[in-house]
Amino acid sequence: MTVQTVEVPAYRAFPVQVARLRRLSPSFLRVTFTGAELDTFGSNGPDQRIKIVLPLPGSGLAGFPTGPDWYGAWRALPPERQMPIRTYTVRAARPELREVDVDFVLHGATGPASAWAESASPGDEVVLIGPNARFDGPTGGYEWHPPAEASCLLVAGDETAVPAICAIVETLPAGRRARVLLEIPTAGDRLDLATPDGVEVTWLPRSAGGRAAAPRGSLLTAAVVDALRELADHLSPSPVPTLEDVDVDQGILWEVPGGASLPARSSGVYAWLAGEAAVVKDLRRHLVQDVGVDRRSVAFMGYWREGRGSD
Ligand SMILES: Cc1cc2nc3c(=O)[nH]c(=O)nc-3n(C[C@H](O)[C@H](O)[C@H](O)COP(=O)(O)OP(=O)(O)OC[C@H]3O[C@@H](n4cnc5c(N)ncnc54)[C@H](O)[C@@H]3O)c2cc1C
């Protein structure tokens, strides 16, 4: 007799609808999704990433393949029938209520995800590709791995990283020393964030008080440079490696400790940096080449690239 085992995938497709919307600020919209199967939605690290499958104009999500090989089947569709797929962060998951919150940056109707969010209404449908709580093993999909021995944490990013960074801050125990830097579009985009003792949060609005908007990344870069100066006592510069160039217009800048090539380093400063890819690339050069921060202590993540859609 042959016993057939059904393979449980680590990630799966969850059909969901918009339950409610909450405008958090001029640039942030919280979308709460609900779905009958979200009771098996798993969530691991605070920066848990998911994919959102968006409806096509006219045909919506009709024909989206939700089986275990949904990706292969989606790729096999003719390009005009492939629904757009974008990466977002789980701001909060409440499987017991079958709810997931995602905070969207509203950057206009220039991309399918932002355009969808700008006009979203309760009842609208999307598909979330997220971790499966029924999977018996690590599902991954998050990069926040601070070693317990790290004496200080540096967490920095732009508005697209704000949902992940807010969730990270909420997990920090009181007394953990952390410097948190968030570049946001406007002063009105500062969000309420409870900060444990020892955590210092700085919001960096590009537009504030009627002054001309600062160039994207300029405030974040200057603030990271200053923070590293302040944290000099925690740094034990490592031999400066020659960095391989990453072409952020062709590839993805994604360098995280923990992989085979970059085993995590345990003490000193641990840094987590995410945002526009060219800005993160500059920060990488500064941290690793100018300051000599050990690459094994830093997660560098290009979340998006200015002028390029993330299809
Ligand atoms: C791991 C991960 C987690 C992420 N989490 C979040 C999250 O929680 N919330 C969130 O809002 N984003 C998040 N992002 C970023 C998001 O995936 C991108 O911003 C994505 O490009 C949005 O898709 P779109 O369809 O709106 O635009 P696209 O079709 O990808 O791009 C269209 C145009 O818009 C520009 N563009 C894209 N994003 C922005 C922006 N934020 N501001 C200005 N111009 C932009 C592009 O450069 C391009 O010119 C995350 C990305 C990653 C990799």
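Further up the page is the structure itself.
Residues numbered from 1 in each chain as written. Predicted model: local features only at pLDDT ≥ 70, side-chain atom pairs only at ≥ 80, totals over all residues. Heavy atoms only, no water.

Student: How should the overall build of the chain be read in this particular structure?
Tutor: When helices and strands are counted, the chain shows five helices and 13 strands. Taken over C-alpha atoms, the radius of gyration comes to 20 Å for the chain, in line with the 19 Å a tight globule of 311 residues would show. Counting only C-alpha atoms, the chain reaches 60 × 60 × 40 Å along its principal axes. Among the 311 residues that make up the chain, the fraction classed as buried is 49%. Carbon and sulfur atoms form 51% of the exposed surface of the chain, whose accessible area is close to 14700 Å². (Helix = DSSP H or I, 4+ residues; strand = E, 2+ residues; numbered from the N terminus. Rg over C-alpha atoms; globule rule 2.2 N^0.38 Å. Buried < 20%, exposed > 50% of the residue type's maximum accessible area, 1.4 Å probe, protein only. Areas by Shrake-Rupley, 256 points an atom, 1.4 Å probe, with all protein chains shown as cover.)

Student: So what exactly am I meant to see when it comes to the sheet that holds strand β1 (residues 11–23) here?
Tutor: Each strand in a sheet pairs with its neighbour through backbone hydrogen bonds, running either in the same direction (parallel) or in the opposite one (antiparallel). Overall, antiparallel pairing links the seven strands, which are arranged β4-β3-β7-β1-β2-β6-β5 in an open sheet. Of all strands in the sheet, those bounded by a partner on one side alone are β4 (85–89) and β5 (92–94). When the angles between neighbouring strand axes are averaged without regard to direction, this sheet yields 35°. Pairing of β1 with strand β7 (residues 125–131), which is carried by seven bridges, proceeds in the antiparallel orientation. (Pairing = 2+ DSSP bridges. Axes fitted to C-alpha atoms, helices over the stretch in contact; angles between N-to-C directions.)

Student: Sorry, what's going on with the pairing of β7 here?
Tutor: Taken residue by residue, a regular strand's side chains alternate between the two faces of the sheet. With six of seven residues buried, β7 is to be regarded as a mostly interior element. Bridging between strand β3 (residues 49–53) and β7 involves three bridges; their strand directions are antiparallel. The partner of I52 across the bridge, within β7, is L128.

Student: It is not clear to me how the site of the ligand should be interpreted in this structure. Could you clarify?
Tutor: Surveying the vicinity of the ligand reveals 26 residues, the closest of which are T87, V105, H107, R305 and S310. At 2.8 Å, a backbone N or O of A113 approaches an oxygen atom of the ligand. Protein contacts shield 90% of the accessible area of the ligand, which totals 910 Å² for the unbound molecule. For the shell around the ligand, the element with the most residues is β4, which contributes four residues. Residue composition of the shell around the ligand, grouped by class: nine nonpolar, 10 polar and seven charged. (Near = heavy atom within 4 Å. Polar contact = N/O pair within 3.5 Å; in protein donor to acceptor, adjacent residues only side chain to side chain. Nonpolar A, V, L, I, M, F, W, Y, C, P; charged D, E, K, R; others polar.)

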